[in-house]
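These are the residues of each chain, in order.
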Amino acid sequence: MVPPHGDETLVLVGARVRTLDPAGATVDAIALRDGRIAAVGPSAAARATEPDATVVDLGGRTVLPGLIDAHSHLEGTALHLAHYAD
């Protein structure tokens, strides 16, 4: 498990990192410093950017940086409000 925040520097390698570039670019590594993206690119470049980082091999798993899906389900929200709203 990779912590979502913190001051540990990590380099995630062996991944399929979706950069969300309109051209559809993907890379195989991402470096994280202080809970933020420090670099993306080939594994060797990410490791060189953060030479003292903990390296985690993701074994081909997909990484979607910054993807947040905030939504509500209308029926559930309505029922919740009907029973618990003041």
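For the structure itself, consult the block above.
All of the points below concern the structure found in this document.

Rules behind the numbers
Residues numbered from 1 in each chain as written. Predicted model: local features only at pLDDT ≥ 70, side-chain atom pairs only at ≥ 80, totals over all residues. Heavy atoms only, no water. Helix = DSSP H or I, 4+ residues; strand = E, 2+ residues; numbered from the N terminus. Buried < 20%, exposed > 50% of the residue type's maximum accessible area, 1.4 Å probe, protein only. Polar contact = N/O pair within 3.5 Å; in protein donor to acceptor, adjacent residues only side chain to side chain. Contact = heavy atoms within 4.5 Å.

1. Here's the deal with the side chain of Glu50
With respect to the element layout, Glu50 can be found in the loop between helix 1 (43-49) and strand 4 (54-57). Taking the relative accessible area as the measure of exposure, Glu50 reaches 10% and is therefore buried. At a separation of 2.3 Å, a polar atom in the side chain of Glu50 contacts the side chain of Arg33.

2. What to know about the side chain of Ser43
Along the chain, Ser43 turns up in helix 1. Judged by relative accessible area, which is 18%, Ser43 ranks as buried. If near-sequence neighbours (up to four positions away) are discounted, Ser43 is found in contact with Val13, Gly14, Asp28 and Ala29.

3. Let's talk about unusual backbone geometry
Residues apart from glycine generally show negative phi values, whereas peptide bonds are mostly found in trans. In this structure, Leu20 is a non-glycine residue whose phi angle is positive, near 65°. Turning to its location among the elements, Leu20 is positioned in the loop between strand 1 (10-18) and strand 2 (26-33). At Asp34, a position not held by glycine, the phi torsion is positive, near 55°. Under the relative-accessibility criterion, Asp34 is labelled partly exposed at 49%.

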